[in-house]
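Residue strings, one per chain:
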Amino acid sequence: MFKATLLVSFLFLSSAFAANPIYKLNINLTLNGKHVASQGLIVNHGEKSEIQQKSANGTGSFIEVTPEEIDGELKKVHLKFTVGVIAKGVRQILSTPEMIVSEGKEGSITVGDDDGPESFTLTVLANRQPVKK
């Protein structure tokens, strides 16, 4: 009985200290039919990261992303985004899309009408990175 309890305790503790996955994301954003951003980003599981681009006149765009590993689906990543624009220094959120992508395969989502004033297409390629010890 003691050995079984010890083994269960060890398995629980080893999974608690296992490193969370790290992902390299290649993100492309097209806003109103114009390509506005292509960025590579290293992100940690469960942590929000942000890409922001602004021009000299104060306009720009931003993308926030939080990756999450899917239990039981080791080769898939759940990505939660916030996509928006910056006008006169003020941030305006356009959408908060989510997508599930397979590692190594490009995923894409389009929000709004193709010819609408606030439409965008977000394309993502996610790859798991080795965890350095």
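Rules of the game
Residues numbered from 1 in each chain as written. Predicted model: local features only at pLDDT ≥ 70, side-chain atom pairs only at ≥ 80, totals over all residues. Heavy atoms only, no water. Helix = DSSP H or I, 4+ residues; strand = E, 2+ residues; numbered from the N terminus. Buried < 20%, exposed > 50% of the residue type's maximum accessible area, 1.4 Å probe, protein only. Salt bridge = Lys/Arg side-chain N within 4 Å of Asp/Glu carboxyl O. Core = buried A, V, L, I, M, F, W, Y, C linked by side-chain atoms within 4.5 Å. Contact = heavy atoms within 4.5 Å. Pairing = 2+ DSSP bridges. Phe/Tyr/Trp six-rings, centres within 6.5 Å; stacked < 30°, edge-to-face > 60°. Lys NZ or Arg CZ within 6 Å of the ring centre and 35° of its normal. pLDDT = per-residue confidence, 0-100. Axes fitted to C-alpha atoms, helices over the stretch in contact; angles between N-to-C directions.

**Overview of the overall build of the protein**
- Counting its regular elements, the protein contains 1 helix and 9 strands.
- The order of helices and strands in the protein, counted from the N terminus, is α-β-β-β-β-β-β-β-β-β.
- Considering the protein as a whole, with its 133 residues, one finds that 32% of them fall into the buried category.

**Considerations on unusual backbone geometry**
- Phi is positive for Asn32, which is not a glycine, with a value near 55°.
- By the secondary structure assignment, Asn32 is in the loop between strand E1 (22-31) and strand E2 (34-44).
- The phi dihedral of Lys88 is positive, around 55°, even though this residue is not glycine.
- On the basis of relative accessible area, Lys88 is assigned to the exposed category, the value being 80%.

**Quick look at the pattern of salt bridges**
- Taken as a whole and judged by the stated rule, the model has 6 salt bridges.
- Notably, a salt bridge pairs Lys48 with Glu64, separated by 3.8 Å at the nearest N-O pair. Of this pair, Lys48 sits in the loop between E2 and strand E3 (49-54) while Glu64 sits in strand E4 (residues 60-70), and the two are 16 residues apart along the sequence.
- Note on Lys48: relative accessible area 57%, which makes it exposed.
- Through salt bridges with shared partners, a single network forms among Lys48, Glu50, Glu64 and Arg91.

**Things to note about the nonpolar core**
- Ranked by size, the top nonpolar core spans 23 residues in total, and within it Leu25, Ile27, Val65, Leu79, Phe81, Leu122 and Val124 carry the most contacts.
- Here Leu25 is in contact with Gln39, Gly40, Leu41, Val43, Val65, Leu79, Val124, Leu125 and Ala126, once residues within four sequence places are set aside.

**A look at the pairing of E3**
- In the sheet, E3 pairs with E4 via 6 bridges, with the strands oriented antiparallel. The residue bridging Ser49 from the neighbouring strand is Val65, located in E4.
- Count of turn residues in the E3/E4 antiparallel hairpin: 5 residues, of which Gly58 carries a positive phi of about 95°.

**Examining the packing of aromatic side chains**
- In the structure shown here, the tally under the stated rule is 0 aromatic pairs.
- Directly above the aromatic system of Phe62 lies the positively charged group of Arg91, at a separation of 3.7 Å from the ring centroid.

**Observations concerning the confidence of the model for the protein**
- Summarising the model, the protein shows a mean pLDDT of 81, and 81% of its residues fall at 70 or more.
- Least confident of the elements in the protein is helix H1 (residues 2-16), whose mean pLDDT is 39; most confident is strand E7 (residues 98-102), at 94.
- Segment residues 1-17 is flagged for pLDDT under 50; beyond a separation of four residues in sequence, or across chains, it makes 0 contacts in the model.

**Describing the sheet that holds strand E9 (residues 120-129)**
- With antiparallel pairing, the 4 strands of this open sheet are ordered in space as E2-E1-E9-E8. The outermost strands of the open sheet, each flanked by one partner alone, are E2 and strand E8 (106-111). Neighbour-to-neighbour, the strand axes of the sheet open up by a mean angle of 15°, direction not taken into account.
- Summarising the sheet, E1 and E9 pair through 10 bridges and their orientation is antiparallel. Bridge pairing links Thr30 to Thr121 in E9.

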